[in-house]
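Summary of the model geometry
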Amino acid sequence: IRVDSRTIYVGHRSSSTNEAFIPPKFCDNRIVSSKYTVWNFLPKNLFEQFRRIANFYFLIIFLVQVIVDTPTSPVTSGLPLFFVITVTAIKQGYEDWLRHKADNEVNKYPVTVLEDGRRIRKESEKIKVGDVVEVEEDKTFPCDLILLQSSRGDDTCFVTTASLDGESNHKTHYTVPDTEKDLESLNATIECEQPQPDLYKFVGRMHIYKTNQEPAVRSLGPENLLLKGATLKNTQKICGVAVYTGMETKMALNYQGKSQKRSAVEKSINAFLLVYLCILVSKALVCTTLKYVWQGKPGQDEPWYNEKTQREKDTNLYLKMFTDFLSFMVLFNFIIPVSMYVTVEMQKFLGSFFITWDKDFFDPEIKEGALVNTSDLNEELGQVEYVFTDKTGTLTQNNMEFIECCIDGFQYKYQDESSELDGLCVPDGPVSKLQQKAGREREELFLRALCLCHTVQVKESSEQGQAHEQRGFIASSPDEVALVKGTVVERSSMYELLHVLNFDPVRRRMSVIVRSKSGETLLFCKGADSSIFPRVKQEEVERIRMHVERNATEGYRTLCVAYKYLSEEEYAQADAGLREARLALQDREQKLMSVYNQVETGMSLIGATAVEDRLQEEAAETMEALQGAGMNVWVLTGDKMETAKSTCYACRLFQRSTELLELTVRTLEDGGRRREERLHELLLDYHKKAVQDAPPVKAGVTRRWSSANQDYGFIIDGATLSMVLNSSSESNASRYKNLFLQICQNCTAVLCCRMAPLQKAQIVKMVKNSKGCPITLSIGDGANDVSMILEAHVGIGIKGKEGRQAVRNSDYAIPKLKHLKKLLLAHGHLYYVRIAHLVQYFFYKNLCFILPQFLYQFFCGYSQQPLYDAAYLTMYNICFTSMPILAYSLLEQHICIEVLLDNATLYRDIAKNAMLRWGLFLYWTLLGVFHGLLFFFGVRFLFSNPALQDNGQVFGNWSYGTIVFTVLVFTVTLKLALDTRHWTWINHFVIWGSLAFYVFFSFFWGGIIWPFLKQQRLYFVFANMLSSVSAWLVIILLILVSLLPEILLVVFRKPRGPNARQIAPVTPLSYKHLKEDD
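Model, not experiment: these values are computed from the prediction.

The rules we used
- Residues numbered from 1 in each chain as written.
- Predicted model: local features only at pLDDT ≥ 70, side-chain atom pairs only at ≥ 80, totals over all residues.
- Heavy atoms only, no water.
- Axes fitted to C-alpha atoms, helices over the stretch in contact; angles between N-to-C directions.
- Helix = DSSP H or I, 4+ residues; strand = E, 2+ residues; numbered from the N terminus.
- Left-handed = near helix turned anticlockwise from the far one by under 90°.
- Contact = heavy atoms within 4.5 Å.
- Nonpolar A, V, L, I, M, F, W, Y, C, P; charged D, E, K, R; others polar.
- Phe/Tyr/Trp six-rings, centres within 6.5 Å; stacked < 30°, edge-to-face > 60°.
- Buried < 20%, exposed > 50% of the residue type's maximum accessible area, 1.4 Å probe, protein only.
- pLDDT = per-residue confidence, 0-100.
- Pairing = 2+ DSSP bridges.

1. As for the packing of helix 19 (residues 675–692) against helix 21 (residues 730–745)
- Remark: helix 19 packs on helix 21, axes separated minimally by 9 Å, with the N-to-C direction vectors making an angle of 35°. In this structure, the crossing between helix 19 and helix 21 has a hand that is left-handed. Between helix 19 and helix 21, the contacting residues are Glu 676, Leu 679, His 680, Leu 683, Leu 684, Tyr 686, His 687, Ala 690 and Val 691 on the first element and Asn 732, Arg 735, Tyr 736, Leu 739, Phe 740, Gln 742 and Ile 743 on the second.
- Of the residues in the contact of helix 19 with helix 21, the class split is 10 nonpolar, 4 polar and 2 charged.

Okay, here's the thing in structure tokens:
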């Protein structure tokens, strides 16, 4: 057997009776999308966590504290680190457990397998290659099967592949010819290619062995293969043999692995960390240097009362310097906030529940709300610059309605009054004439054409005697169902269907040849105007063209209908041509095309139809809000250009005034020159229009609002895109890419049609890696959008009609497109502001904390004496100051949600990581330095006379540190209280609770003799300190002085900026109203 093919024994029966049967080995039918197993969870997770700078750094500091004699105990850094690692591991373990659960649902799904004539129920994961599997109607196929038997009389079955490629139409698949009706006695082997990801390719052959006969060989193609993930329709049950299972199915091979998505905020945190690391190292260096300078003075290093031991004299000076440097590093180490990572993780994890709980995201139809799969990206929702959306099922609902038609230039529209129309009744409401009407026989001909020229089948109703209204229709596209439902004619007449000339995207039309009772042969044809108009008599075109163009700009999908009578000779010739072409093995497609094109000429045009694909509710408002918020919206669709263009008009992505720049196969072939040259010429031409000649955009004003500018919309299709991306010469490719990107970035909306799923991902990748690395978001509802959802920074799935593939692979899932507006403009905005404040505040409070410790070294002979007690060092970040900022970062609304939703432009205020810029970071750092200096020197001023108690007793160094620490805890907590705009009982509870807890803890810690402490430094220090009035005075004064600038700013600042919008809800009453008044 060749290695590039596999042999499968149907039902595990060997081909010849006398040979011993050794089944070949293939993988089982399990699907795995999880990252960890029980065994590798710990090592793998720990390895991933210690790849983070901060965690690794703290691990090293912890080891230094264990090995070197340092001023603080290893617990001070070990405990917070252990806490961080545990919390993160629990969170990631929980998320992975959910993935395991989802996999198990698929793997444990019960299926029916035929073994030795018995039907056995098994779990889906137990299916092996070669098993014969039975599938019932409306169930999905558990693996890739070759169809052997169907319950339909004509040996076909119908399948929808919505969850694979997003097409919700019914596709016909065929059984392998000549297989025996009784599968038990079937003895056959299948030889087919090794698994590969292309959904539409499959090559194989089946050898059928019968006793005393030559084995029959049948060829297998994609029409015999049923893919895992597709659903059986309109067929009661089928049997098939498994050829690819588990991770080798085409669905699993098309699945791009999830890469770890990191948010932009995390990158900012890492940059700030490096700055603080530099501060830390420089502090330690300064202290070490000064220590040795100070000790170099005579008498300082070895005073008479503290002589060195022999061992101390013998140690190497440089080693001593190094250990001193490490000790200082450990002492100042708290400037790097390890607990910030915990708080950020908690904030993301808990914050994601707010999205899940949001009542506005609840959809009564499917009875579900939003779903969060990845909580790491909440703040990224506030930074989106590019939105890539799918069209079918995302912007539109994917259900069609027949709106109007035009016969011989006369327009007919649906109305609701029930009036009869010459015995022609249309169930959805009769047709009313707007002008006069066409001739009676033309009307009949038109309706007859619509009733005959289609591939719709009537769904077999399971119960007998249902009224025909309830019969369902099945078709390869939803448009057809709409047209057929719209034209059910009451009078019935019989026609014999002779040939169907199938629809294909190149011809863009389909035809049927029928014979009536009276023996006439007719050809009916319907298709896109561009493909029908050249094939009919020219005098008929003008009457109908204006209707078609008007309908197209209203956002309807239009089709033209034509017919021709065929004479006996013409029919005989066409019949022979079609039969011959269908049997050809080589170039079958081309031969069929030429026959089709011969037959479909010289037709007469009867009329045109308009079908509406309903937009999702509030689709236009959502798109307008996103553009108002400064996002670029790109529509990526596999659909035809005309339909996609009409949807863009309906969604107001293209306005009437928008000038469309088209770069499609059609415009490339207009010039009559080589495609490459034409492409180059068009790109340069559009670049000149949209980029060079466009007036510069004023910052803060969208194109949409500055009416002087011309708006441009850009349209490209899949074929042209691959020319742009994979140009024959390298130098051209990068040039084309740059031109293409610049044009797109200067257009208000971009439409890419006829895209393959991987092309969608390519476009997202191209924009994502372009200059400035903009944040991208993809939103789609079908499996054909999965690759683009995984590629973008943020992927959003819609819980639509097309399976759950997109939802499973997305970071966030919402029931409807309209929910995207609130998700970005409200949730995204608030999360970003909260986390940005959290990061800046954390660095600030740790700088305030460690700066006095650094200054203290100048007054204690650089002896690494800690200013604060070890308990305070450990508890500062974990207990005393962590809860208020966590509550703030979950509940803060600096602008209320209604205002954010009404006023999309507010989203621009935080664009491009505005709140984590270096300027703001510098402001917070300087504030921290100011507070640190104030705390230390303020208390030092108080201690200029240390006899602070009534009885004249003197305060010691631990009292000094405790006073500084008390001022510190109160100041940073009250600073946060001043920043809070949105108070809830939780904020009150944690802010005042933290301060009360600090006071209580200090009394408690110093009020008992603890048996496990060697030395108890704080014994009654806190209580003693509070017995001194001057200590009270200094604490209150210092807190007030530290916060005074803040308070004054709040009081005297003219209400502008985001706060003003709360105080005075005067929003710039969108220029839209002004435009309307002009």
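Next, the rest of the story.
2. Regarding the packing of aromatic side chains
- The tally for this structure, following the rule as stated, stands at 58 aromatic pairs.
- Ring centres 5.5 Å apart and planes at 75° place the aromatic pair Phe 349 and Phe 353 in the edge-to-face group. Here the residue Phe 349 and the residue Phe 353 both occupy positions in helix 9 (residues 338–357), the gap between them amounting to 4 residues, near one helical turn.
- By relative accessible area, which is 25% here, Phe 349 ends up partly exposed.
- Aromatic pair Phe 388 and Trp 634: ring centres 5.5 Å apart, planes at 70°, arrangement edge-to-face.

3. Brief notes about the confidence of the model for the protein
- Taken residue by residue, the protein gives an average pLDDT of 84. The fraction at 70 or more is 89%.
- Confidence drops under pLDDT 50 across residues 463–470; counting only partners more than four residues distant or on other chains, this segment forms 2 contacts.
- pLDDT under 50 marks residues 1058–1078. Its contacts with residues more than four places away, or in other chains, come to 20 contacts.

4. Re the sheet that holds strand 8 (residues 188–193)
- Strands sit in the order 1-8-9-10 across an open sheet of 4 strands; the sheet is antiparallel. If you trace the sheet from one side to the other, it starts and ends with strand 1 (5–9) and strand 10 (216–220), each paired once. Averaged over neighbouring strand pairs, the angle between their axes works out to 20° when direction is ignored.
- Where strand 8 lies against strand 9 (residues 204–208), 5 bridges are found, and the strand directions are antiparallel. By the bridge assignment for strand 9, Ala 188 is matched with Ile 208.

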